[in-house]
Each structure stands twice: as structure tokens, then as C-alpha cells.
Amino acid sequence: MEKIKDINYMSYYLNCYILILNKAHQAFISPYLKEKNVSYNQYELILHIYRDEGSIQGKIASSCGTDKCGASRSLRILEDKKLIIKKIDENNRRSYQLFLTEKGKKVVEDIIEKEIQWENYICENSDIEKEKLFKILNKACISSLKLLKND
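Predicted model only: the values in this text are computed from it and were never measured.

**Regarding the pattern of salt bridges**
Right, on to step 1. Scanning the entire structure with this criterion turns up eight salt bridges.
Right, on to step 2. When the shortest N-O distance is used, the salt bridge between Glu102 and Lys105 registers 3.7 Å. Here Glu102 pairs with Lys105, and both are found in helix H5 (residues 102-126), just three residues apart, close to one helical turn.
Right, on to step 3. Judged by its relative accessible area of 60%, Glu102 is exposed.
Right, on to step 4. The class of Lys105 is partly exposed, set by a relative accessible area of 25%.
Right, on to step 5. Across the pair Lys135 and Glu131 runs a salt bridge whose closest N-O atoms are separated by 3.6 Å. You can see Lys135 and its partner Glu131 sitting in helix H6 (residues 130-150), four residues apart, about one turn around the helix. Glu131 carries the same exposure label as Lys135, and that label is exposed.
Right, on to step 6. Within the structure, one salt-bridge network assembled from shared partners comprises Lys36, Lys106 and Asp110.

Put into C-alpha cells, the structure is as follows:
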């Protein structure tokens with residue numbers, strides 16, 4: 001890989017750009033998560049629950065790329081903080097459906113405001129339409145997942 005000569009022209013592979021964005025995002029969002037007493041991993045889990053209330057614990061863990069034990073531990077902490085509640089799944093008495101409490105919804109919505117702020121800043125300073133960027137990223141994610149299925 002070529003050395004970076006000009007910060008505006010970095011010769012990286014796609015994954016390097018994604019990693020840089022992810023690290024910058026974590027650095028940006030971490031102070032807000034700390035303020036809400038939520039770790040980054042816990043935030044990923046409650047964000048998933050926010051988007052898909054009633055999800056089953058195993059589905060949430062796999063969607064977030066977390067092992068079941070780690071997810072279970074984080075979810076127990078979120079339950080102790082009164083951010084989520086577990087209800088036995090009527091279709092499978094051995095699994096739990098997860099829901100946000102009102103307090104949990106407020107925490108997620110507050111942090112989502114910061115997420116939107118970050119996205120808007122990135123798009124405005126890059127002169128990219130947010131909708132266009134999201135479409136491109138969505139296509140890239142779908143292509144990447146298809147590649148994994150084909151292997």
C-alpha cells in the first residue's frame with residue numbers, strides 16, 4: 001500500500017475506509033453513551049431492540065455479531081439498569097422477547113439524535129447527499145452479505 005502523501009487522497013482498500021469511519025464514529029458517540037451509562041456493545045443491542053421490539057435474544061445477538069453469552073451478559077446489565085424488559089416468548093417458552101422500557105426508549109432516542117448529528121456532519125462536509133450515501137452503503141452491505149452466502 002502506498003504511503004499517504006495527501007490526506008485528501010488516501011489509497012486504501014474499502015475495509016480501511018470503513019474501519020476509519022467506525023473508529024471515528026465510536027470516538028464521537030462514546031461520550032454520549034458514557035453520559036447515558038451505556039457501553040457501545042449495549043447500545044448496539046438496545047438499538048436493535050428499538051428497531052425490532054419483541055425480538056428474541058438469540059436473533060439480536062446474531063444480528064449484532066455478538067456471541068450469545070456476551071449478549072446475554074449485556075442484556076442482563078440493561079435489564080438491571082431498567083432499560084429493557086424480558087418476556088417469555090409464547091411460541092417458545094425457553095426463549096425471551098425483549099422490549100425497551102420508557103427509560104430505555106428515551107436513552108436510545110437521545111443517542112439517535114447524536115447519530116443523526118454525526119451523519120449530517122459527515123455528509124455536509126463531504127458534499128454528499130445523505131440519501132444517496134445510504135443507498136450506496138446499503139447496496140455494498142447487501143453485496144457483501146451475498147458474497148458470504150455464496151462461499
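**Quick look at the packing of aromatic side chains**
Right, on to step 1. Scanning the entire structure with this criterion turns up one aromatic pair.
Right, on to step 2. Taking the centre distance of 5.5 Å and the plane angle of 55° together, the rings of Phe28 and Tyr32 count as tilted. One end of the pair, Phe28, and the other, Tyr32, are both in helix H1 (residues 14-35), four residues apart, so they sit about a helical turn from each other.
Right, on to step 3. Across the ring face of Tyr96, the terminal group of Lys86 is positioned such that the distance to the ring centre comes to 5.5 Å.
Right, on to step 4. Between the NZ or CZ atom of Lys87 and the centre of the ring of Phe99, over which it lies, the distance is 5.0 Å.

What counts, and where the lines are drawn
- Residue positions are counted from 1 within each chain, in the order its sequence is given.
- A pLDDT threshold of at least 70 governs which residues receive local features in this predicted model, and a stricter bar of 80 or more applies before side-chain atom pairs are shown or counted, although totals over entire chains, interfaces and linings include all residues.
- Processing note: side-chain calculations cover all non-hydrogen atoms of the structure and skip hydrogens and water entirely.
- Any carboxyl oxygen of Asp or Glu within 4 Å of a side-chain nitrogen of Lys or Arg constitutes a salt bridge here.
- Here a helix means four or more residues in a row that DSSP labels H or I, a strand means two or more in a row labelled E, and each is numbered from the N terminus.
- Relative accessibility under 20% of the residue-type maximum defines a buried residue, over 50% an exposed one, and the middle range a partly exposed one, all with a 1.4 Å probe and only protein chains included.
- Any pair of Phe, Tyr and Trp rings, taking the six-membered ring for Trp, is counted once the centres come within 6.5 Å. Such a pair is stacked with planes under 30 degrees apart, edge-to-face with planes over 60 apart, and tilted for the rest.
- Consider the ring centre and the ring normal. A charge sits over the ring if Lys NZ or Arg CZ is within 6 Å of that centre and within 35 degrees of that normal.

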